[in-house]
Amino acid sequence: MKLILLAAPGAGKGTQAEKLSANFGIPQISTGAILRKNIADGTELGVTAKSYIDGGKLVPDDVMIGIVTERLKEDDCKNGFILDGFPRTLAQAEALDKSDVVIDKVLTIEVDDAKIIERLSGRLECKGCGTTFHKLYRVPAKEGVCDNCGGELITRADDKPETIKNRLDVYHTQTEPLKDYYKAQGKLAVAYGQEKIEDTTAEVLAALK
Ligand code: ADP
Ligand code: ZN
């Protein structure tokens, strides 16, 4: 199963990718997580990426295409993978099509903008392992502490209100057109985001059947 998850920021892409990764036994490749790790480690890539991410802008296509094509060559991707956060532009999608990789399905998770804003505003992320929590929808057992690794939970710099608006604009103008691109290839599957994570997972699994 070579799968792309396509959805607005905060639609639950990462959370559902985690579930699918466990379900199908294939790796979740989250470009956002890769970039944030590089920022935390202070790599050259991290320094470049930070200014874009904090402003709610996309990291340049050539950078992202390089990262993902290299990652997909690794052994663990042989039997499948879930791309979470890539492609985000037409140029990225075309580059993926030009590589040897053949994508089986592209799943979108539909959530309206008002809901997205509400979700991103309450989102928390573990500084240690990157797992996502939410002040209302995925409350950690102990406030401010990651259930997985005990790490500290923080609000991402790009989850500030001004930045959230930019990210939504970028999604609608640059990423959403990819739905038509993959629909034309007969690969598009659509799921509707629900209030509860497990209900969304059920939608997602049904859409992938
Ligand atoms: P979200 O989907 O919630 O916006 P991500 O963790 O997927 O969060 O991405 C965070 C940020 O990382 C994006 O806003 C963007 O700046 C950058 N980024 C991630 N993936 C890509 C990509 N494929 N192309 C360009 N920028 C990316
Ligand atoms: Zn953690």
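The following paragraphs examine the structure supplied in this document. Since this is a predicted model, take the numbers as computed values, not measurements.

Structurally, Arg 123 is set in strand S5 (residues 123–126). Polar side-chain contacts of Arg 123 include one of 3.0 Å to the side chain of Asp 159. Those residues in contact with Arg 123 that sit more than four places away from it in its chain are Gly 10, Thr 132, Phe 133, His 134, Ile 154, Thr 155, Arg 156, Asp 159 and Arg 167.

So, on to the pairing of S5. The alternating pattern of S5 places Arg 123 and Glu 125 on one face and Leu 124 and Cys 126 on the opposite face, and all of these are buried. Bridge analysis of S5 against strand S6 (residues 132–134) gives 3 bridges, and the strand direction is antiparallel. Bridge pairing in S6 places Arg 123 opposite His 134. The antiparallel pairing of S5 with S6 creates a hairpin that spans 5 residues between the two strands, and Gly 130 there sits at a positive phi of about 85 degrees. Of the strand pairs in this sheet, S5 and strand S7 (residues 153–154) are connected by 2 bridges, and their pairing is antiparallel. Its bridge partner being in S7, Glu 125 is matched across the sheet by Ile 154.

Around ligand 1 sit 20 residues, and of these Thr 31, Arg 36, Lys 57, Gly 85 and Arg 167 come closest. With respect to ligand 1, the backbone of Gly 85 contributes an N or O atom lying 2.8 Å from a nitrogen atom. A distance of 2.9 Å separates a nitrogen atom of ligand 1 from a polar atom in the side chain of Gln 92. Burial of ligand 1 by the surrounding chains reaches 96%, relative to a free accessible area of 540 Å². Looking at the shell around ligand 1 element by element, the count peaks at 4 residues for helix H2 (residues 31–41).

Rules used in this analysis
- Residues numbered from 1 in each chain as written.
- Chains lettered and ligands numbered in written order.
- Predicted model: local features only at pLDDT ≥ 70, side-chain atom pairs only at ≥ 80, totals over all residues.
- Heavy atoms only, no water.
- Helix = DSSP H or I, 4+ residues; strand = E, 2+ residues; numbered from the N terminus.
- Polar contact = N/O pair within 3.5 Å; in protein donor to acceptor, adjacent residues only side chain to side chain.
- Contact = heavy atoms within 4.5 Å.
- Buried < 20%, exposed > 50% of the residue type's maximum accessible area, 1.4 Å probe, protein only.
- Pairing = 2+ DSSP bridges.
- Near = heavy atom within 4 Å.
- Areas by Shrake-Rupley, 256 points an atom, 1.4 Å probe, with all protein chains shown as cover.

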